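Residues per chain, in single letters:
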Amino acid sequence: MLKVYNTRTRSKEEFVPIEGNTVRMYVCGPTVYDYPHIGNARSFAVFDSIRRYLEYRGYRVTYITNFTDIDDKMINRANEEGIEVSELAAKFISEYRKIEKQLNLKPATVNPRATEHIDDIVEMVDLIIKNGYGYDVHGDVYFSVPAFDAYGSLSRIPMDELTSGARVEVDENKKDPRDFALWKAEKPGEPSWDSPWGKGRPGWHAECSVMGRHYLGLPFDIHGGGQDLIFPHHENEIAQSAAAYGIEVPVKYWFHNGFLTMDSEKMSKSEGNFSTAREVLDNYDHQAVRLYLVTGQYRQPLDYNAKAVTQAIQSLERIKNAADSIRGRISILERIGSRESEDDKKLAEAAKKVREGFEREMDDDFNTPGALAEIFAFVREINTLVGDVGGAAVLREALAVLTELVGILGVNLTDASATDEGAALTSDTLKGVIEFLLELREEARKSKDFGKADQIRDRLKQIGVEVSDTKDGPTWKLS
Ligand code: AMP
Ligand code: ZN
């Protein structure tokens, strides 16, 4: 049973999706005004692994992560650089795409952008006002926090702390210091859109309420982001969705990742203690960086230092070496023929055990360090047994299990360029083999041997080749 920590209830709960086996998930994405730092990349990586584990568990996941492409930071940076806000956004969205590939983040179902949803935002703000939770002061629209009784349910910050001004923006137009901006009136030189309150642009919190609802419907299952977003961003999202649409619990499970720290301080641009994801990925093996980002349980802090990255580099090597030694043994057996031994049973047993252990750990609120410990126990077993295993099928199964499990953590053992041996195998050879297998599958289907056809498809899936049947015949892509 999968148990997940829910920030809303401050407890670990059994994970039960709202509807059948579909999971609707929204993760706050980057503000595309600058190069993301490696702390932001932690957030991207942990939610990618959570998504992959949910898919492994058989859920159909719709995964939405946005780009914040209009806010104060975007406007200030575009002005500094003398370019349009849209140009700045395009530059850093393409930077994100690069990081997405390098960190092996599975592309989102949709990456919506705030500026693509201005009409929906205007509609929501209008509803909030009509329902008595918002007010307009000369073109600035605010959410009235005192009007919404449940305010604070997520962050559980005492109301007196909120009125003191330490946590909230001071603005003389506000009727109450806790109120927050839904819509900001146009200032000279800023991008703006038409609205019933005059030209302006949305407040930051509005976009995620609107885009979550647009793509997933309300309520949806999981909303993720860093712990810094609990207040005010997510608190305000809840208030907006409840006030506009009457849905008091718009999100069933709130997941918040812990911070990446440097010298125990949160990595952040404003504090100046950061390394960009780009710098880190230029200096280290991409897969090792990805592995490093999931070496800690996702809610705990994770320190960024050379030792931690070096350890991840070594861990990756151990995993790849184990995979290589299995491949090596398979090719020997292909030459000399299978000769089963006692060790075959032991390896098959270890492959079963690692799957069970991995699932047990990941079922405990995505405990990736525990899951990695299981993988390393398996790697040790492989190293001990591989030379004496005589059955190629057992070896293939062990390799498939290792590949599948580390794949959830973002390590791609099937990528031909990721292994030395693989590097020698050209992509043409690989394509030829896949096409040949698909021909065999077609023949099996024609002779109504659907078991065999499914076996070929499932086996290809295990090694990262996704087969789809179209009216023009089967197609495949690397997943
Ligand atoms: P931003 O571009 O600042 O909106 O951040 C993108 C994502 O990274 C958000 O989910 C943030 O909460 C998260 N984040 C920001 N700083 C850190 C950090 N030091 N460690 C982990 N996650 C972070
Ligand atoms: Zn958000």
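Residues numbered from 1 in each chain as written. Chains lettered and ligands numbered in written order. Predicted model: local features only at pLDDT ≥ 70, side-chain atom pairs only at ≥ 80, totals over all residues. Heavy atoms only, no water.

**Student:** Give me the overall build of the chain: which residues, what numbers.
**Tutor:** Counting secondary structure elements, the chain contains 16 helices and 15 strands. Taking 2.2 N^0.38 as the reference for a compact globule, 479 residues should give roughly 23 Å; the C-alpha atoms of the chain span a radius of gyration of 25 Å, in line with that estimate. Within the chain, buried positions represent 52% of all 479 residues. Sequence separation of at least 24 residues holds for 75% of the intrachain contacts in the chain that already meet a minimum separation of 6. Working note: accessible area of the chain is about 22,000 Å², and carbon and sulfur atoms make up 49% of it. Counting 61 positive and 79 negative side-chain charges, the chain places the averaged centre of each group 5 Å from the other. (Helix = DSSP H or I, 4+ residues; strand = E, 2+ residues; numbered from the N terminus. Rg over C-alpha atoms; globule rule 2.2 N^0.38 Å. Buried < 20%, exposed > 50% of the residue type's maximum accessible area, 1.4 Å probe, protein only. Contact = heavy atoms within 4.5 Å. Areas by Shrake-Rupley, 256 points an atom, 1.4 Å probe, with all protein chains shown as cover. Lys, Arg positive; Asp, Glu negative; His and termini not counted. Charge placed at Lys NZ, Arg CZ, Asp CG, Glu CD.)

**Student:** Tell me about the coordination of the zinc ion (ligand 2), and please be specific about residues and values.
**Tutor:** Protein coordination of the zinc ion (ligand 2) is provided by Cys28 (SG), Cys208 (SG) and His233 (NE2), with donor distances spanning 2.0 to 2.2 Å. Spacing between the donor residues of the zinc ion (ligand 2) along the chain follows C-x179-C-x24-H. Taken together, the positions of Cys208 in helix α6 (residues 204-216) and His233 in helix α7 (residues 230-245) put the pair 25 residues apart, joining distant regions of the chain. Residue His233 is classed as buried on the basis of its relative accessible area of 1%. (Donors = N, O, S within 2.8 Å, 3.2 Å for Na, K, Ca; no water.)

**Student:** Explain the site of ligand 1 residue by residue, including any values.
**Tutor:** The environment of ligand 1 is formed by 18 residues, the closest being Thr31, Gly226, Asp228, Leu260 and Met267. Within the backbone of Gly39, a nitrogen or oxygen atom sits 3.1 Å from a nitrogen atom of ligand 1. One nitrogen or oxygen atom from the main chain of Leu260 is found 2.8 Å from a nitrogen atom belonging to ligand 1. Taking 490 Å² as the accessible area of ligand 1 by itself, protein coverage stands at 91%. (Near = heavy atom within 4 Å. Polar contact = N/O pair within 3.5 Å; in protein donor to acceptor, adjacent residues only side chain to side chain.)

**Student:** Tell me about the domain arrangement of the chain, and please be specific about residues and values.
**Tutor:** Per the domain assignment, the segments making up the chain are domain 1 (17-257), domain 2 (306-423) and domain 3 (427-478). Distance between the C-alpha centres of domain 1 and domain 2: 40 Å. A combined buried area of about 990 Å² lies between domain 1 and domain 2, and 57% of that area is made up of carbon and sulfur atoms. Remark: the boundary between domain 1 and domain 2 carries 2 salt bridges. (Domains from an automatic or database assignment. Buried area = accessible area lost by both parts, 1.4 Å probe. Salt bridge = Lys/Arg side-chain N within 4 Å of Asp/Glu carboxyl O.)

**Student:** If you had to explain the sheet that holds strand β4 (residues 60-65) to someone new, which residues and values would you point to?
**Tutor:** Pairing within the open sheet is parallel, and its 4 strands lie in the order β4-β3-β9-β10. The two strands at the open ends of the sheet, each matched to only one other strand, are β4 and β10 (251-257). For this sheet, the mean inter-axis angle between neighbouring strands, taken without regard to orientation, is 20°. (Pairing = 2+ DSSP bridges. Axes fitted to C-alpha atoms, helices over the stretch in contact; angles between N-to-C directions.)

**Student:** Give a detailed account of the side chain of Asp176, specifying residues and quantitative values.
**Tutor:** Residue placement: Asp176 occurs in the loop between α5 (159-163) and β7 (180-185). By relative accessible area, which is 13% here, Asp176 ends up buried. Look past the residues within four positions of Asp176 in its chain and what remains in contact with it is Tyr135 and Pro146.

**Student:** Give a detailed account of the packing of aromatic side chains, specifying residues and quantitative values.
**Tutor:** On inspection of all chains with the given rule, the structure shows 21 aromatic pairs. Arranged with centres 6.3 Å apart and planes meeting at 85°, the rings of Tyr53 and Phe366 form a pair that is edge-to-face. One end of the pair, Tyr53, is in helix α1 (residues 38-56); the other, Phe366, is in the loop between α11 (342-363) and α12 (368-385), with 313 residues separating them in the sequence. Three or more aromatic residues link up through ring pairs in this structure, and these residues are Phe47, Tyr53, Tyr56, Phe255, Tyr298, Phe358 and Phe366. The ring of Tyr135 is capped by Lys175, whose NZ or CZ atom sits 4.3 Å from the centre of that ring. Geometry around Phe274 places Lys269 over its ring, the cationic atom sitting 5.2 Å from the centre. (Phe/Tyr/Trp six-rings, centres within 6.5 Å; stacked < 30°, edge-to-face > 60°. Lys NZ or Arg CZ within 6 Å of the ring centre and 35° of its normal.)

**Student:** So what's going on with the packing of α11 against α12? Which residues, and what values?
**Tutor:** For any two helices packed against each other, one specifies the inter-axial angle together with the distance between the axes. Where α11 meets α12, the axes come as close as 8 Å, and the angle between the chain directions of the two elements is 175°. The orientation of α11 with respect to α12, classified from their angle, is roughly antiparallel. On α12, the residues that touch Asp343, Lys346, Leu347, Ala350, Ala351, Lys353, Val354, Gly357, Phe358, Arg360, Glu361 and Met362 of α11 are Thr368, Gly370, Ala371, Glu374, Ile375, Phe378, Glu381, Ile382 and Leu385. Of the residues contributing to the contact of α11 with α12, the split by class is 11 nonpolar, 3 polar and 7 charged. (Parallel < 35°, antiparallel > 145°, perpendicular 65-115°, else oblique. Nonpolar A, V, L, I, M, F, W, Y, C, P; charged D, E, K, R; others polar.)

**Student:** Go over the packing of helix α10 (residues 306-336) against helix α13 (residues 392-408), please, and point to the residues and values.
**Tutor:** Where α10 contacts α13, the two axes come as close as 10 Å, and the packing angle between them is 155°. Here α13 runs roughly antiparallel to α10, going by the angle between their axes. Helix-helix and strand crossings are classified by hand; for α10 and α13 the assignment is left-handed. Every residue of α13 that contacts α10 at Ile319, Ala322, Ala323, Ile326, Arg327, Arg329, Ile330, Leu333 and Glu334 is listed here: Ala392, Leu395, Arg396, Ala398, Leu399, Leu402 and Val406. Each residue belonging to the contact of α10 with α13 can be placed in one class, and the counts come to 12 nonpolar, no polar and 4 charged. (Left-handed = near helix turned anticlockwise from the far one by under 90°.)

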